[in-house]
Amino acid sequence: MKRLGLLLFVAVFGVLPASVALAGGAKPVHDTHGGNGGEHADGHSRPEDPGASAKAKKPPKPCKPDKSPTPGCDDGSGGEDVDALRFNDVQVRGTHNSTHRDPKGVVTDAPPFGWGYSHRTLTAQLEEQGVRQFEIDVHYNWAKDDFDVYHVWFADDRVTCDTLSGCLAELKAWSDDHPSSAPIMVLVEPKDAGAPYSLAEGSTDPEHHLPEDGDPFTRPLDAHAYDRLDEILLASFGADRTLTPDDVTTPGSDLRTSILTSGWPKLDDLRQQIVFVVDGGDHAEPYSQGYTSLAGRTMFVQADDRAPVAAFVARDGARLPGESKYDRMARLVRQGFMVRDLTSPDAFERAMAAGAHFLSTDFPEQL
């Protein structure tokens, strides 16, 4: 019953109750979405903890959400000092290919594709499924100087929002309406494969047509495209509501050292904010100057935990002798790194126990 209660809590609130002890020292985050849970005058939501032990003594009376907490009342935090929680104390539900819609007949959900699923709109994921981490595939449209959103051109290009600017505007509109919301993390996966250059309407530059190698789907991103991507991302929520690598890098130090010594910002300081992370090594490396620096950049990258830019680390990396994937996760979480795992209903509890911060899936309703 305790396990069932915990999973129901996750299904309703999109976060984990703080009274649940998690491996790696990770603690869940409270926020308000869709009116679920009470809310104190300080803006923190205080949902009840359905996973509380039945052996506990008579519980204190719950705090009244519309008044200052009475000493000794139960605020739903399980005794944790919620005000002291930092960004790396969160564990939230995420989605993979977050704008994806079933291609309906072009391909099936059979291997090797597995494309036969549809996500709800980003707003519905936030409001009704408690999702706080998204992954968006972007393709640079040279003619528009903007980024289109889809998975695979023609074969799997049905989406719930079709431009990066439009998708981010949807996230911001929801965030604007939820002042106590936890920070949203967006994995941005730049793709080199997209619609042929010849389909870029209005383009007069020969370089925007078929490349020399004859592959009509290859459009390599260059320095301008990365800069334009940064510009669009930063403008979406504004600089004051976007956590960037510079914000957590100590002057005179690198990002990795800063995170391991000074830590992440407090959660309260990041409410209504957004965090962007490059998904995929093919672009993370050039974007970060060979994993050496993110100075002036909008996005973090998923890097090896030894790299100077390590803050978010790749879920699959070098392990110590005898170390499992989940042992590695737990070790990195204890050090202070942020970890995202692409998980499934069968593996969810192991990833959660290891302390993974972002538990991403194609089927959020099953977690």
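This write-up is about the structure you can find in this document. (Residues numbered from 1 in each chain as written. Predicted model: local features only at pLDDT ≥ 70, side-chain atom pairs only at ≥ 80, totals over all residues. Heavy atoms only, no water.)

## Here we look at the overall build of the protein
- What the protein contains, in helices and strands, is eight helices and 12 strands.
- For the protein, the proportion of its 367 residues judged to be buried stands at 52%.
- Total accessible area on the protein is roughly 16400 Å²; 52% of this is exposed by carbon and sulfur atoms. (Helix = DSSP H or I, 4+ residues; strand = E, 2+ residues; numbered from the N terminus. Buried < 20%, exposed > 50% of the residue type's maximum accessible area, 1.4 Å probe, protein only. Areas by Shrake-Rupley, 256 points an atom, 1.4 Å probe, with all protein chains shown as cover.)

## Focus: the state of the cysteines
- Going through the model one piece at a time under the given rule, you end up with one disulfide.
- Paired through a disulfide, C161 and C167 show a sulfur-sulfur distance of 2.0 Å. Residues C161 and C167 are joined by a disulfide whose S-S torsion is about 105 degrees; by sign, that bridge is right-handed. Both residues of the pair, C161 and C167, count as buried. (Disulfide = S-S within 2.5 Å.)

## Structural notes on helix α7 (residues 325-335)
- Counting buried positions over the 11 residues of α7 gives eight, a clear majority of the element.
- Looking only at α7, the buried set comprises K325, Y326, R328, M329, A330, R331, L332 and V333.
- Where α7 is buried, its residues contact β10 (312-313), β11 (338-342) and α8 (348-354). (Contact = heavy atoms within 4.5 Å.)

## A look at the nonpolar core
- With 60 residues, the main nonpolar core has F87, L164, L171, W264, F300 and F312 as its most contacted residues.
- Ranked by residues supplied to this core, first place goes to helix α4 (residues 223-237) with six residues.
- Ranked by size, the runner-up nonpolar core spans 17 residues in total, among them Y326, M329, L332 and V339. (Core = buried A, V, L, I, M, F, W, Y, C linked by side-chain atoms within 4.5 Å.)

## Quick word on the pairing of strand β8 (residues 274-278)
- Among the five residues of β8, five are classified as buried, and the element is accordingly described as predominantly covered.
- Here β8 shows no split at all, with I274, F276 and V278 on one side and V275 and V277 on the other all buried.
- Here strand β6 (residues 184-191) runs beside β8; their pairing, made up of five bridges, is parallel. If you follow V188 over to β8, its bridge partner there is V278. (Pairing = 2+ DSSP bridges.)

## Observations regarding unusual backbone geometry
- Positive phi, close to 70 degrees, is recorded for Q272, a residue that is not glycine.
- Considering the arrangement of structural elements, one finds Q272 in the loop between α5 (255-262) and β8.
- Within the chain, Q289 stands out as a residue other than glycine whose phi angle is a positive 55 degrees.
- Structurally, Q289 can be placed in the loop between α6 (281-287) and β9 (300-303).
- Relative accessible area serves as the criterion here: at 56%, Q289 is assigned to the exposed category.

## Describing helix α3 (residues 164-176)
- The first and last C-alpha atoms of α3 sit 18 Å apart over 13 residues, in line with the 18 Å expected at 1.5 Å per residue.
- The complete set of buried residues in α3 reads L164, C167, L168, E170, L171, W174 and S175. Across the axial projection of α3, the buried residues extend over an arc of 150 degrees, all falling on one side.
- On its buried face, α3 sits against α2 (122-128), β4 (131-141), β5 (146-149), β6, α4 and β8. (Expected span 1.5 Å × (residues − 1). Arc of directions from axis to C-beta.)

## Quick notes on the packing of aromatic side chains
- Inspection of the entire model under this criterion finds eight aromatic pairs.
- Taken together, a centroid distance of 5.7 Å and an interplanar angle of 80 degrees make the contact between F87 and W264 edge-to-face. Linking F87 in the loop between β2 (45-46) and β3 (92-95) with W264 in the loop between α5 and β8, this pair joins segments that are 177 residues apart in sequence. No difference in accessibility class separates F87 from W264, as the two residues are buried.
- Ring geometry for Y140 and F147: centres 4.9 Å apart, planes at 40 degrees, overall tilted.
- Since its relative accessible area comes to 3%, Y140 is described here as buried.
- Through pairs of rings, three or more aromatic residues link up here, namely F87, W264, F300, F312 and F358.
- Sitting over the face of the ring of Y287, R297 holds its NZ or CZ atom 4.3 Å from the ring centroid. (Phe/Tyr/Trp six-rings, centres within 6.5 Å; stacked < 30°, edge-to-face > 60°. Lys NZ or Arg CZ within 6 Å of the ring centre and 35° of its normal.)

## A word on the packing of α3 against α4
- Two numbers describe how α3 lies on α4: the axes approach to 9 Å, and their chain directions differ by 25 degrees. Between α3 and α4, the interaxial angle falls into the category roughly parallel. Between α3 and α4 lies a crossing of right-handed hand. Packed against α3, whose contacting residues are L164, S165, L168, L171, K172 and S175, the element α4 presents L229, I232, L233, S236 and F237 at the interface. (Axes fitted to C-alpha atoms, helices over the stretch in contact; angles between N-to-C directions. Parallel < 35°, antiparallel > 145°, perpendicular 65-115°, else oblique. Left-handed = near helix turned anticlockwise from the far one by under 90°.)

## Brief notes about the environment of V313
- Mapped onto the elements, V313 comes out in strand β10.
- Leave out the neighbours within four places in its chain, and V313 touches Q302, A303, D305, L332, F337, M338 and V339.

## Side note on the pattern of salt bridges
- All told, the structure shown has 13 salt bridges when counted by the stated rule.
- Across the pair R331 and E323 runs a salt bridge whose closest N-O atoms are separated by 2.8 Å.
- Look at R331 and you get buried, because its relative accessible area is 17%.
- Taken together, the salt bridges that share partners define one network made up of D137, E189 and K191. (Salt bridge = Lys/Arg side-chain N within 4 Å of Asp/Glu carboxyl O.)

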